[in-house]
Amino acid sequence: IDTSGEALFKRGYRQDTGEAPLRENLAAGLLLLAGYNGTQPMQDPFCGSGTIAIEAAWIAQNRAAGLMRRFGFEQFNNFDKPLWTKLKAAARAAIRQPENTIAASDNDRRMISAAQANAAAAEVENIIQFNVLDAQDTRPNGANGILVANPPYGVRLAEIQALHALYPQLGSWLKQHYAGWTAGLLSGDMEMPKLMRLKPKRKIPLFNGNLDCRLFLFDMVAGSNRKE
């Protein structure tokens, strides 16, 4: 018996997903694994179509994940529509105003436009501050926040070589500007922490589709996170 209808990871807000979108439930899982509870400043400097930032906004709002979608059980003969309407109204009443800011950026203007459209569909366009920026030009939007991102990881050799040249710069950028923050980076490149010269406190195995990945979690403590 199909009680769900469409797959449960679909929240009902995504308009444009870009080339390599994260599923919404994976994005929410990354945030929770990184320790995000909706009260800290949050930032995604590789936001793409905005899924991680939107899921962060929903967590911060205490918004029920299925509030905007339809379910298969709504077609059942014994479906209690008045009760369901009451439950959805209660879920809407539980939505709150976030305590802290959420920032999302990407160096692709088209992806920022897509992210803004998705945020509007998710009813959080006034909660997330979007910017067209290179990752290394972003700065913390508060103290002791959570940075969660899905940076690009190459498949072809030339892409991998370019990224391996970039990782030390990303490590330096995090150490220079994000002391006191927790950074969670999802990557299929197991060499990322070593090349960033950072030692993760945790490496959590996850699958992004069929791709074996790790969520690398770093506590950015000023001057003490360099891997010898």
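Residues numbered from 1 in each chain as written. Predicted model: local features only at pLDDT ≥ 70, side-chain atom pairs only at ≥ 80, totals over all residues. Heavy atoms only, no water.

A. Highlighting the packing of aromatic side chains. The full count for this structure, using the stated rule, is seven aromatic pairs. With a centroid separation of 5.1 Å and 85° between ring planes, the pair formed by Phe-73 and Trp-84 is classed as edge-to-face. Of this pair, Phe-73 sits in the loop between helix H2 (51–61) and helix H3 (81–93) while Trp-84 sits in helix H3, placing them eleven residues apart in sequence. An aromatic cluster is present here, built from Phe-71, Phe-73, Phe-79 and Trp-84 joined pairwise through their rings. Against the face of Phe-71 rests Arg-69, its NZ or CZ located 4.5 Å from the ring centre. (Phe/Tyr/Trp six-rings, centres within 6.5 Å; stacked < 30°, edge-to-face > 60°. Helix = DSSP H or I, 4+ residues; strand = E, 2+ residues; numbered from the N terminus. Lys NZ or Arg CZ within 6 Å of the ring centre and 35° of its normal.)

B. Region of interest: the side chain of Arg-63. Turning to its location among the elements, Arg-63 is positioned in the loop between H2 and H3. Engagement of the side chain of Arg-63 in a polar contact is seen with the side chain of Gln-61, the distance being 3.0 Å. Residues in contact with Arg-63, not counting those within four places in the same chain, are Trp-58, Met-68, Arg-92, Ile-95, Ala-122 and Glu-123. (Polar contact = N/O pair within 3.5 Å; in protein donor to acceptor, adjacent residues only side chain to side chain. Contact = heavy atoms within 4.5 Å.)

C. Just unusual backbone geometry, in detail. Although it is not a glycine, Asn-62 sits at a positive phi angle of roughly 60°. Mapped onto the elements, Asn-62 comes out in the loop between H2 and H3. A relative accessible area of 37% places Asn-62 in the partly exposed class. For Asn-144, which is not a glycine, the phi torsion comes out positive at approximately 55°. Its location among the elements puts Asn-144 in the loop between strand E3 (128–132) and strand E4 (146–149). (Buried < 20%, exposed > 50% of the residue type's maximum accessible area, 1.4 Å probe, protein only.)

D. Helix H4 (residues 109–121), seen in detail. Compared with the 18 Å implied by 1.5 Å per residue over 13 residues, the 19 Å span of H4 between its first and last C-alpha is a close match. Among the residues making up H4, those that are buried are Met-111, Ile-112, Ala-114, Ala-115, Asn-118 and Ala-119. Along the long axis of H4, the arc covered by the buried residues comes to 160°, so they all point the same way. Each element contacted by the buried residues of H4 is listed here: H2, strand E2 (102–106) and E3. You can read the cap of H4 off the contacts: a side-chain oxygen lies 2.9 Å from the backbone nitrogen of Arg-110, and it is on Asp-108. Phi turns positive, to about 65°, at Glu-123, one or two residues after H4. (Expected span 1.5 Å × (residues − 1). Arc of directions from axis to C-beta.)

E. Geometry of H2. Of all eleven residues in H2, eleven are buried, a share of seventy percent or more. Listed as buried for H2 are Thr-51, Ile-52, Ala-53, Ile-54, Glu-55, Ala-56, Ala-57, Trp-58, Ile-59, Ala-60 and Gln-61. Contacts from the buried residues of H2 go to helix H1 (24–33), strand E1 (42–44), E2, H4, E3 and E4. Phi turns positive one or two residues past the end of H2, at Asn-62, with a value near 60°.

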